[in-house]
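Structural overview
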Amino acid sequence: MLEQLTVAAALEKLANREISARELTEAVLTRIDDVDKSVRAYITVTGERALQAAEKIDEKRAKGENTGPLAGVPVALKDNICTGGVLTSCASKMLANFIPPYDATVALLLQEAGAILVGKTNLDEFAMGSSTESSAFFTSRNPWDLTRVPGGSSGGSAAAVAADETLFSLGTDTGGSIRQPAAFCGIVGLKPTYGRVSRFGVVALASSLDHVGPLTKDVRDCALIMNVIAGHDKNDSTSAELAAPDYTSFLGREIKGLRIGVPVEYFNADIEDGVKKAVRKAIDVFVSLGAEAEEISLPHTQYALPAFYILAAAEASSNLARYDGVQYGLHMAAANLDDFYKKNRSEGFGSEVKRRIIFGTYILSSGNYDHYYLKAMKVRTLVKEDFERAFAGYDLILTPAAPTTAFKAGSVEDRLQMYFNDSCTVAANLAGLPAISLPCGFADGLPVGLQLIGKPFAEGTVLQAAYAYEQNSGLPKSKPAVKEAGGALHE
Ligand code: GLN
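Note that the coordinates shown come from a computational prediction; the quantities given were computed from them, not determined experimentally.

Basis of the calculations
- Residues numbered from 1 in each chain as written.
- Predicted model: local features only at pLDDT ≥ 70, side-chain atom pairs only at ≥ 80, totals over all residues.
- Heavy atoms only, no water.
- Helix = DSSP H or I, 4+ residues; strand = E, 2+ residues; numbered from the N terminus.
- Rg over C-alpha atoms; globule rule 2.2 N^0.38 Å.
- Areas by Shrake-Rupley, 256 points an atom, 1.4 Å probe, with all protein chains shown as cover.
- Lys, Arg positive; Asp, Glu negative; His and termini not counted.
- Charge placed at Lys NZ, Arg CZ, Asp CG, Glu CD.
- Near = heavy atom within 4 Å.
- Polar contact = N/O pair within 3.5 Å; in protein donor to acceptor, adjacent residues only side chain to side chain.
- Buried < 20%, exposed > 50% of the residue type's maximum accessible area, 1.4 Å probe, protein only.
- Pairing = 2+ DSSP bridges.
- Phe/Tyr/Trp six-rings, centres within 6.5 Å; stacked < 30°, edge-to-face > 60°.
- Contact = heavy atoms within 4.5 Å.
- Core = buried A, V, L, I, M, F, W, Y, C linked by side-chain atoms within 4.5 Å.
- Axes fitted to C-alpha atoms, helices over the stretch in contact; angles between N-to-C directions.
- Parallel < 35°, antiparallel > 145°, perpendicular 65-115°, else oblique.
- Disulfide = S-S within 2.5 Å.
- Nonpolar A, V, L, I, M, F, W, Y, C, P; charged D, E, K, R; others polar.
- Salt bridge = Lys/Arg side-chain N within 4 Å of Asp/Glu carboxyl O.

**Points about the overall build of the protein**
Of regular secondary structure, the protein possesses 15 helices and eleven strands. Taken over the C-alpha trace, the protein has a radius of gyration of 21 Å; the compact-globule value for 491 residues is 23 Å, and the two agree within 12%. Projected onto its principal axes, the C-alpha coordinates of the protein cover approximately 65 × 55 × 50 Å. Here the protein displays about 18800 Å² of accessible surface, and carbon together with sulfur accounts for 51% of that area. With 48 positive and 58 negative side-chain charges, the protein shows a separation of 1 Å between the mean positions of the two kinds.

**Re the site of the ligand**
Among the 15 residues in the neighbourhood of the ligand, the closest are listed as Gly129, Thr174, Gly175, Ser177 and Arg356. At 2.9 Å, a backbone N or O of alanine 127 approaches a nitrogen atom of the ligand. Contact with the protein chains hides 100% of the accessible area of the ligand, taken as 290 Å² for the molecule alone.

**Details of the pairing of strand 6 (residues 211-216)**
When you tally the buried positions in strand 6, you get six out of six residues, the bulk of the element. Judged from the six bridges that link them, strand 4 (residues 168-173) and strand 6 form a sheet pairing that is antiparallel. Its bridge partner being in strand 6, aspartate 173 is matched across the sheet by histidine 211. The pairing of strand 5 (residues 188-191) with strand 6 spans two bridges and is classified as antiparallel. Among the inter-strand pairings, valine 188 is bridged to a residue of strand 6, identified as threonine 216.

**With respect to the packing of aromatic side chains**
Throughout the structure, instances matching the rule amount to 13 aromatic pairs. Summarising the aromatic geometry, the rings of tryptophan 144 and phenylalanine 442 are spaced 5.1 Å apart at their centres and angled 65° between planes, so their arrangement reads as edge-to-face. Of this pair, tryptophan 144 sits in the loop between strand 3 (116-121) and helix 5 (155-162) while phenylalanine 442 sits in strand 10 (residues 435-443), and the two are 298 residues apart along the sequence. A relative accessible area of 37% places phenylalanine 442 in the partly exposed class. With a centroid separation of 6.3 Å and 20° between ring planes, the pair formed by phenylalanine 387 and phenylalanine 391 is classed as stacked. With a gap of four residues between them, phenylalanine 387 and phenylalanine 391 both fall in helix 12 (residues 369-393), about one helical turn apart.

**Structural notes on the environment of serine 89**
Looking at the secondary structure, you find serine 89 in the loop between strand 2 (74-78) and helix 4 (105-112). Excluding residues within four positions of it along the chain, serine 89 makes contact with Ile43, Asp79, Leu95, Ala96 and Phe137.

**With respect to the nonpolar core**
Within the largest apolar cluster, 142 residues are counted, with the highest numbers of intra-cluster contacts made by Leu70, Leu110, Phe126, Phe286, Phe387 and Ile436. Looking at this core element by element, the count peaks at ten residues for helix 9 (residues 301-319). In contact with phenylalanine 387, other than residues within four places in its own chain, are Leu298, Ile397, Ala427, Ala428, Ala431, Leu433 and Ile453. One finds Ala158, Ala162, Ala182 and Leu215 within the second-largest nonpolar core, a separate group that totals eight residues.

**Some words on the packing of helix 8 (residues 273-288) against helix 15 (residues 459-472)**
For the pair helix 8 and helix 15, the least separation of the axes is 10 Å and the interaxial angle reads 100°. It follows from the interaxial angle that helix 8 and helix 15 lie roughly perpendicular. Here Ala282, Val285 and Phe286 of helix 8 lie close against helix 15, whose contacting residues are Ala465, Tyr469 and Asn472.

**Structural notes on the state of the cysteines**
In the structure shown here, the tally under the stated rule is zero disulfides. Distance from the sulfur of cysteine 185, which forms no disulfide, to the nearest cysteine sulfur (cysteine 440) is 15 Å. Just so you know, cysteine 222 is unpaired, no disulfide at all, and the nearest cysteine sulfur is the one on cysteine 185, 15 Å from it.

**Here's the deal with the environment of methionine 418**
With respect to the helices and strands, the residue methionine 418 is situated in helix 13 (residues 415-419). The sequence separation of methionine 418 and glycine 129 amounts to 289 residues, and the corresponding C-alpha distance is 7.5 Å. In this structure, methionine 418 is in contact with Ser130, Ser131, Glu133, Phe407 and Val412, ignoring residues within four places of it in sequence.

**A few points about the packing of helix 1 (residues 7-15) against helix 7 (residues 219-229)**
At their nearest, the axes of helix 1 and helix 7 sit 8 Å apart, and the two run at 70° to each other. Compared by their axis directions, helix 1 and helix 7 come out roughly perpendicular. Of the residues in helix 7, those touching helix 1 at Val7, Ala8 and Leu11 are Arg220, Asp221, Leu224 and Ile225. Its residues assigned to classes, the contact of helix 1 with helix 7 comprises five nonpolar, no polar and two charged.

**Concerning helix 7**
Every α-helix carries 3.6 residues per turn, so stepping three or four residues along brings you back to the same face. Among the eleven residues of helix 7, eight are classified as buried, and the element is accordingly described as predominantly covered. Those residues of helix 7 not exposed but buried are Val219, Asp221, Cys222, Ala223, Ile225, Met226, Val228 and Ile229. A distance of 3.4 Å separates the backbone nitrogen of arginine 220 from a side-chain oxygen at the start of helix 7, and that oxygen is part of aspartate 218. Phi turns positive, to about 140°, at glycine 231, one or two residues after helix 7.

**Some words on the pattern of salt bridges**
Inspection of the entire model under this criterion finds 14 salt bridges. Among the ionic pairs, glutamate 294 bridges to arginine 259, the shortest N-O distance being 3.4 Å. Of this pair, glutamate 294 sits in strand 8 (residues 292-296) while arginine 259 sits in strand 7 (residues 259-263), and the two are 35 residues apart along the sequence. Classification of glutamate 294 by relative accessible area gives partly exposed; the value is 34%. Residues glutamate 352 and arginine 356 are paired through a salt bridge, measuring 2.7 Å at the closest nitrogen-oxygen approach. Remark: arginine 356 and glutamate 352 occur in helix 11 (residues 351-364); sequence separation between them is four residues, near one turn of the helix. Considered together, glutamate 352 and arginine 356 belong to a single accessibility category, that of buried residues.

Honestly, that's just the spatial picture; any functional story needs more than this.
Structure representation (structure tokens):
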């Protein structure tokens, strides 16, 4: 049962020599063997490599050498985070053979801290989606109900944590891709402030909106991982030159007097009743702990989602221009250069990626640029100003993390309905603010996520409040049974 441990609990047992890194890694790999045929969280499992790394940690520890703050703790990385020598596919045919020659900064930091990479997790192709259904390889499943999706695009990373197939994982969040799957899978997911965690070596979707962050079993683990991955990186020009605090020092602090704004716009008719109910109950817990919760308005909220999809598609069309069949990945011969591009790009990319590239190119073409791109940028400023005004009077903003609970795989055919999954999360990306999703109960047996949004670089306050809630919510500490609900799962 070692795979069920939190990072904090595992570190304690490792430090006391109750368990070895090898035993812990083996437990996780066995769990992957047992359940991943049903959950399908992983694209690649790096078993051999993980065991070797674990043994090295054990040897170092036996010699009394310094092993690092996460020494021996298994981690899974979303498959758009470059790992030297290990396939990084972005769940795309385009990169199905791409083995990076270098590590992303976050991968390197984790490795230096002694974390053990056990594998790379599934995602929507190039992180475009909310369910992993646009992965070119397969759809991951929600451990709470295998007929449902784990959310997306970091669905594999969330499912792996929820099913105890790793102790923690990293994901990326451009419009909600850490927080929405965390909500669907009943775990904790943090999108840090823009610039707080390096994006170097993380495959770009929309560079001004992309963030990297942890998915964990609880809030303490989230703080522990932030302690390792947050900080300035000279390889990322958007990285903030600001020292990162010890995030665990915020845990356990009182939240008496903390002012929480609850925006009315996030409790409208589009949000499922079960979600609203669980979130409102959570507000009562914050109030019982001495926080002050008040209704507020963020008047431009409804424009955030359309603005996001315009900006994200525009940036993606430019970022994905590099996949031309020459420099990376798919490389099929053709009669002439035009045909070569056409062939490799049309076969390499799936339909959602093509749709966004075409849409983004249209938006950026002369004549449309002012009309769509510039207008969306103006909306982005308005959304940001909504938050600035709110944060003049409040420390945190509380909302649902997703409008619904996990939906059935294959049930959302309408693209716009799929895009609507991000309605609670995109605003924090447009404004670059830190935001966490944490479990706040269940609706019809499925996990519901609560979102706390903080001021820029106030991850500490976000974690402080999240931890206070987690410790006092009275929610049972349940785990998914990972049972196949009858019927064939494997496509
Ligand atoms: N679901 C959103 C999209 O499809 C956000 C994706 C993300 O955050 N990577 O674009």
